[in-house]
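# Structure at a glance
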Amino acid sequence: METILFYILSALIVIFSIASVSSRKILRAVTYLLFVLIAISGIYFLVDYSFLGAVQLTVYGGGVIVLIIFSVLLVHHIELELEVTPLKKKIIAGLISATGLGITLWAIYTFPFTNATTYKSIEVADIGRKLLGYGDGGFILPFEVISVLLLAVIIGAIVIAKGKKLNE
Amino acid sequence: MIEGISIYEILTLSSIVFFIGVYGFFTRENLITVLMSIELILNASAINFVIINTYLYPDFLQGAVFSIFIIAMAAAETALAIAIIINLYKLVASVEVKDTERLKY
Amino acid sequence: MDFSYTILIPLIPLALFVILGLFSKKIPASISGWMGSIGLGVTFVLSYYAAYQYYLNGKLNGVYQPFIYKYNWLNFTDKLHIDMGVLIDPISVMMLVVVSTISFMVNLYSIGYMKGDDGFTRFFAYLALFSFSMFGLVLSTNLFQIYIFWELVGASSFLLIGYYYTKPSAVSAAKKAFIVTRFADFGFLVGILIIGYYTGTWDFQELNNPEGSVITNWAATSFMGLSVITWALILIFMGGAGKSAMLPFHIWLPDAMEGPTPVSALIHAATMVVAGVYLVARLFPMYYFVEDGFALQVVAYVGAISSLFAAIIALTQNDIKRVLAFSTMSQIGYMMLALGVSGYHGHDGLGFMASMFHLFTHAMFKGLLFLAAGSVIHAIHSNYLQDMGGLRKYLPITHITFLIAALSISGVPLFAGFFSKDEILAAAYENNMLIYISSVFVAGLTAFYMFRLYFGIFWGKEKEYEHTPHESPMSMTIPMMFLAFMSIAGGYIHFSKYISPDHMPFEAHLNYYLAAIASTVGLIGIVLAFIFYKKENNLSERFSHAFGVFYKWTYNKFYFDEIYLFVTKKIIFGLVATPAAWFDKNVVDASMIGIGNVTESFSEKIKGMQSGKFQDYAMGFISGGVVIAIVVFYLWIN
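Described below are features of the structure shown in this document. For clarity, every value in this text was computed on a predicted model and none was experimentally measured.

### What to know about the overall build of chain C
- Along chain C, the regular secondary structure elements total 25 helices and six strands.
- For chain C, the proportion of its 638 residues judged to be buried stands at 57%.
- Pairs at least 24 residues apart make up 80% of the contacts formed inside chain C by residues separated by at least 6 positions.
- Carbon and sulfur atoms form 69% of the exposed surface of chain C, whose accessible area is close to 26400 Å².

Below, the structure written as structure tokens:
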């Protein structure tokens, strides 16, 4: 059952991500991206990491996508078709990506991964303790740094987006 | 761990997504769509963190924690990038990549 | 006794230079001249006070004691170090008196002479700088300190000669003086370094101690048949010859007359040009004892030849300042030869004493001659003898003072020059007959050319002047009168009581027999000049025709300038510099320019890669990463 589910999800992810980077209608591209993100959260659920799956759904599916859609609406007509990329560029980019993919896959498949024998599902409580733990292996310091970063981003985004008036 | 699926399959999936993102980053002509390609790349790496954590070192939580960090960073980055794009739109009335060539030689 | 206040003597002019130099635009001309004069007046008083105190009380058991105030400035090794300080001994005090007198008088004189000049304040700043460096030179405690001030003197003389920097001839004269003396100073520097390397000290007290290790060990090292120390001394004398305009480095001195006349009086008559004499006198024990005085012989012959050579040239020159310049050279040759024939102990030190004595009197009467010449030039605006004549009615004070100075330099009895010249001749007579004869001959020539000038300027037919010449203002005549007084009174000082090589006073008496010969020769010179130049006649032309070629050679200063020009232009520039320049331009420069051109054209080709599109950059980045990954994996497999 899980195997089939994984393959379905994988197929969705690959198809929609290709669609997302090649669609000429920008709003559709955003929607495809949303599908991809949702499918990825499905993968998180499959590996019993439901907390991260939830975060993925809320932050990405809820936050980021909405942000992107808003910006699209601010700067585009909805019916606007994007410009066609020159074929030469597409071929070069495709070649580079394909080579990179090939070498990555080759590296992955030649590397002997030793799977762990035991299996433990990840509890939200564990993550919370880990994030806020200041003992051995605790992440309190990066956690704080991230929170400060988010604050800086909030302020910075406001300042940048506000910008200067053109007549100044 | 997903029954019947080894780590190789999942890593293959994430690699594919990553390079689709790279391809999009190269080819897209619009800044917002470029940003979307970056989201794909970030997600691919987040999958990798989680999968390697679960499959190889289930006793530790580092991968899980880092994927949370990645999502936080991605959200922050998107917000900033969109702020920049909107400001740019105010300045040059366009969000096309070809209009941002001011750094040319 | 405390002489530490003498440090003020150089520091006051330095302060003056800084103030006048920095605020030259702000300080009005009316104040700056008096500022300079008052400052130098203070040093004048201090120097005379120091001289009074030292010569009266400086003796211990009948020997003059040196007083040294110094601090350690730079350490090279444990032993070798450069000090900065003040050395008070008989000759430095004597030089203080000379330099401060002349500086003060020239400063006063310049107030009148430079009036209305654009760079009035600048001129006084330069004068102060020069006085500072000269005082520093005189008071130096070691060879390196003297070298530093030596170069400062050279630099300030460069500034003063080139004072009229809009005049091309002044600029080239300044350059010439600087380059020639610099070239000679190169020898000085090498000499200093040799001394430092072989003896391990630069301190005058250690170097000059007759029982010290430096002098007693001179034979320890040898190079090409001579002691290394002798070579060093000859090289040091080369520096001294450069500053003192001895043959063959004399060529800068006549050209240096392009500077304002007070500058010539200050630098080229009394102070800087005697620096070479002072340097030899300063190291006299070394010159005397090392290799039995070989280097001193060199000094004596260079001095004698220069004095004869310059006196002959002076006969034919028409620019009055140039005549005085060659006369200076000739008189400095006198001082050098006097040093060269001197001994060390007791009465043998007569030559040394006579040299210092002549330095003193010469400073007074030659300074006066220049100031008087300046007064004449100031009155009629020409340097040339043919534009002058019959000026005694218009310039009475100048006339009298010039006459006193001319009588003094000619060695007429009872004037200062008579006494000092007589001591020199006596010293030469006792030691070297050849030099004595040449010196007596030079004394006659000196009298002749000085009175040629005197009669040419003040007697003879009156020329047509643009406006009636008038006597110079008080600020110019007072210094002249003071120096005229010194040109007479200076001779009655008993120098042998104060100055001797071993710092022990001795008794020197006038040798009446020699004095009679010298003054007779001098008088003959004056009489000849009287016959030739008192009235307009063609005697002198007939004579110059009779001498023909010789006259022409003399008039052209024996073609020394031309020889130098030939050597520098044809040989150095033509044979060495031109190929070097060709190589530099076509090989060194060309390869560098070629590299530059290749880089530029290549960058022109590849600058399109800087497209400004971030996607292109990212593409480059990723493909680079992919290539590196491929290479790494490939190597990893194998």
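Following the structure, the description resumes.
### Some thoughts on the layout of surface pockets
Residues and elements named next belong to chain C.
- Here the second largest pocket defines a volume of roughly 620 Å³.
- Around the second largest pocket, the lining comprises 20 residues; the ones closest to its centre are K176, V180, I251, Y564 and L565.
- Taken together, the residues that form the lining of the second largest pocket break down as 10 nonpolar, three polar and seven charged.

### Observations regarding the nonpolar core
- One finds L143, Y287 and M450 of chain C to be the most contacted residues of the largest nonpolar core, which totals 214 residues.
- Top contributing element to this core by residue count: helix 16 (residues 350-380) of chain C, with 21 residues.
- Sequence-distant contacts of L143 of chain C, that is, excluding residues within four places in its chain, are made with F188, I192, I195, W202, F204, L207, I236 and L283 of chain C.
- Residues I32, L40, I82 and I86 of chain B belong to the second largest nonpolar core, which totals 80 residues.

### Re the packing of helix 2 (residues 26-46) of chain A against helix 2 (residues 31-56) of chain B
- Packing of helix 2 of chain A against helix 2 of chain B leaves a shortest axis separation of 11 Å and a crossing angle of 5 degrees. It follows that helix 2 of chain A is roughly parallel to helix 2 of chain B by the angle criterion. Residues I26, A29, V30, L33, V36, L37, I40 and Y44 of chain A of helix 2 of chain A form the contact with helix 2 of chain B, whose participating residues are I32, T33, M36, E39, L40, N43, A46, I47 and V50 of chain B.

### Overview of the packing of aromatic side chains
Residue and element names in this part refer to chain C.
- What the rule picks out here adds up to 55 aromatic pairs over all chains.
- For the pair Y147 and F188, a centre-to-centre distance of 5.3 Å together with 80 degrees between the ring planes defines the contact as edge-to-face. With Y147 in helix 5 (residues 143-161) and F188 in helix 6 (residues 168-199), this residue pair connects regions lying 41 residues apart in the sequence.
- Accessibility expressed as a relative area gives 9% for Y147, which makes it buried.
- The exposure class assigned to F188 is buried, which follows from its relative accessible area of 0%.
- Members of the aromatic cluster, joined through ring pairs, are F3, Y5, Y49, Y54, Y55, Y64, F67 and Y498.
- Across the ring face of F204, the terminal group of R282 is positioned such that the distance to the ring centre comes to 5.5 Å.

### What about the interface of chain C and chain B?
- Residue-level contacts link 11 residues of chain C with 13 residues of chain B.
- Per-residue buried area on chain C facing chain B is highest for G612, F614 and Q615 of chain C; these three make up 44% of the total on that side.
- Applying the counting rule to chain C against chain B returns zero salt bridges.
- At the surface where chain C touches chain B, the tally comes to two residue pairs in polar contact (both at pLDDT 80 or more).
- Of the residues assigned to the side of chain C that touches chain B, the class counts are four nonpolar, five polar and two charged.

### Some points on the interface of chain B and chain A
- Contact residues are listed per partner, giving 70 residues for chain B and 83 residues for chain A.
- With both chains or domains summed, chain B and chain A bury close to 7100 Å², and 76% of this area falls on carbon and sulfur atoms.
- Between the two partners, chain B and chain A, sit one salt bridge.
- Remark: the boundary between chain B and chain A carries 10 residue pairs in polar contact (both at pLDDT 80 or more).
- Secondary structure elements with two or more residues in the side of chain B that touches chain A: helix 1 (7-27), helix 2 and helix 3 (62-92) of chain B.
- It is helix 3 of chain B that contributes the most residues to the side of chain B that touches chain A, 24 residues altogether.

### Some remarks on unusual backbone geometry
All names here are of chain C.
- Although it is not a glycine, A245 adopts a positive phi angle of roughly 60 degrees.
- Of note, A245 is situated in the loop between helix 9 (228-243) and helix 10 (252-255).
- Its identity is not glycine, yet L414 carries a phi of approximately 80 degrees, on the positive side.
- In this fold, L414 is placed in the loop between helix 17 (396-410) and helix 18 (416-431).
- Under the relative-accessibility criterion, L414 is labelled exposed at 55%.

### Some points on the packing of helix 1 of chain B against helix 2 of chain B
Residue and element names in this part refer to chain B.
- For the pair helix 1 and helix 2, the least separation of the axes is 8 Å and the interaxial angle reads 165 degrees. One finds that helix 1 runs roughly antiparallel with respect to helix 2. Judged by the twist between their axes, the crossing of helix 1 over helix 2 is left-handed. Contacts between helix 1 and helix 2 involve I7, I10, L11, S14, V17, F18, I20, G21, V22, G24 and F25 from the first element and V34, S37, I38, L40, I41, A44, I47, N48, I51, I52, Y55 and L56 from the second.
- When the residues that make up the contact of helix 1 with helix 2 are grouped by side-chain class, the tally is 18 nonpolar, five polar and no charged.

### Notes on a nonpolar patch on the surface
- A cluster of nonpolar side chains, namely I563, F566, V567, I571, I572, F573, L575 and V576 of chain C, defines an oily patch on the protein surface of about 750 Å² accessible area.
- As for its position among the elements, I571 of chain C is in helix 24 (residues 560-606).

Scoring rules and cut-offs
Residues numbered from 1 in each chain as written. Chains lettered and ligands numbered in written order. Predicted model: local features only at pLDDT ≥ 70, side-chain atom pairs only at ≥ 80, totals over all residues. Heavy atoms only, no water. Helix = DSSP H or I, 4+ residues; strand = E, 2+ residues; numbered from the N terminus. Buried < 20%, exposed > 50% of the residue type's maximum accessible area, 1.4 Å probe, protein only. Contact = heavy atoms within 4.5 Å. Areas by Shrake-Rupley, 256 points an atom, 1.4 Å probe, with all protein chains shown as cover. 1 Å grid on protein atoms, 1.4 Å probe; cavity = no way out; pocket = protein on both sides within 12 Å on 5 of 7 lines; lining within 4 Å. Points joined across faces, edges and corners; volume = space filled by probe spheres on them. Nonpolar A, V, L, I, M, F, W, Y, C, P; charged D, E, K, R; others polar. Core = buried A, V, L, I, M, F, W, Y, C linked by side-chain atoms within 4.5 Å. Axes fitted to C-alpha atoms, helices over the stretch in contact; angles between N-to-C directions. Parallel < 35°, antiparallel > 145°, perpendicular 65-115°, else oblique. Phe/Tyr/Trp six-rings, centres within 6.5 Å; stacked < 30°, edge-to-face > 60°. Lys NZ or Arg CZ within 6 Å of the ring centre and 35° of its normal. Buried area = accessible area lost by both parts, 1.4 Å probe. Salt bridge = Lys/Arg side-chain N within 4 Å of Asp/Glu carboxyl O. Polar contact = N/O pair within 3.5 Å; in protein donor to acceptor, adjacent residues only side chain to side chain. Left-handed = near helix turned anticlockwise from the far one by under 90°. Patch = residues over 30% accessible without salt bridge, like charges linked within 9 Å, V, L, I, M, F, W, Y side chains within 5 Å.

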